[in-house]
Amino acid sequence: MDTTTQLVARLIGAVIGGTLCGLIPYFFGRKRGQPTLGIVGLVSCIVGGLIAGLILALPVAGVFALVIAVRKGEGTPPGATPGAPPGAPPGPGHIG
């Protein structure tokens, strides 16, 4: 293989690896009601994959997943259960 082919193969591999790692925060962010943070995590993992491969992309995915898990969803009103349908009563139990 010549040098150009090796470089292209490494770039494609880094983008694929970063994308696969970035799908973790992307889908986790969508599930938790934070799609914007999930997309930022996906792009950050792709950039991290281009810089240092899986050595950087995987920790970036972990950090974004942790931030998404700790942070409350943008569209979730206070006291409501994340993932509950709109108009559902806040918290457990039934309405009198």
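Residues numbered from 1 in each chain as written. Predicted model: local features only at pLDDT ≥ 70, side-chain atom pairs only at ≥ 80, totals over all residues. Heavy atoms only, no water.

A. Molecular detail of the environment of Ala65. Residue placement: Ala65 occurs in helix 3 (residues 54–70). Take Ala65: its relative accessible area is 17%, and that puts it in the buried class. Taking the C-alpha atoms as reference points, Ala65 and Gly38, 27 residues apart in sequence, are found 8.3 Å from one another. Sequence-distant contacts of Ala65, defined by excluding residues within four places in its chain, comprise Pro25 and Phe28. (Helix = DSSP H or I, 4+ residues; strand = E, 2+ residues; numbered from the N terminus. Buried < 20%, exposed > 50% of the residue type's maximum accessible area, 1.4 Å probe, protein only. Contact = heavy atoms within 4.5 Å.)

B. Structural detail: the environment of Ala69. Along the polypeptide, Ala69 turns up in helix 3. By relative accessible area, which is 34% here, Ala69 ends up partly exposed. Separated by 41 residues in sequence, Ala69 and Phe28 have C-alpha atoms that sit 8.3 Å apart. If near-sequence neighbours (up to four positions away) are discounted, Ala69 is found in contact with Phe28 and Arg32.

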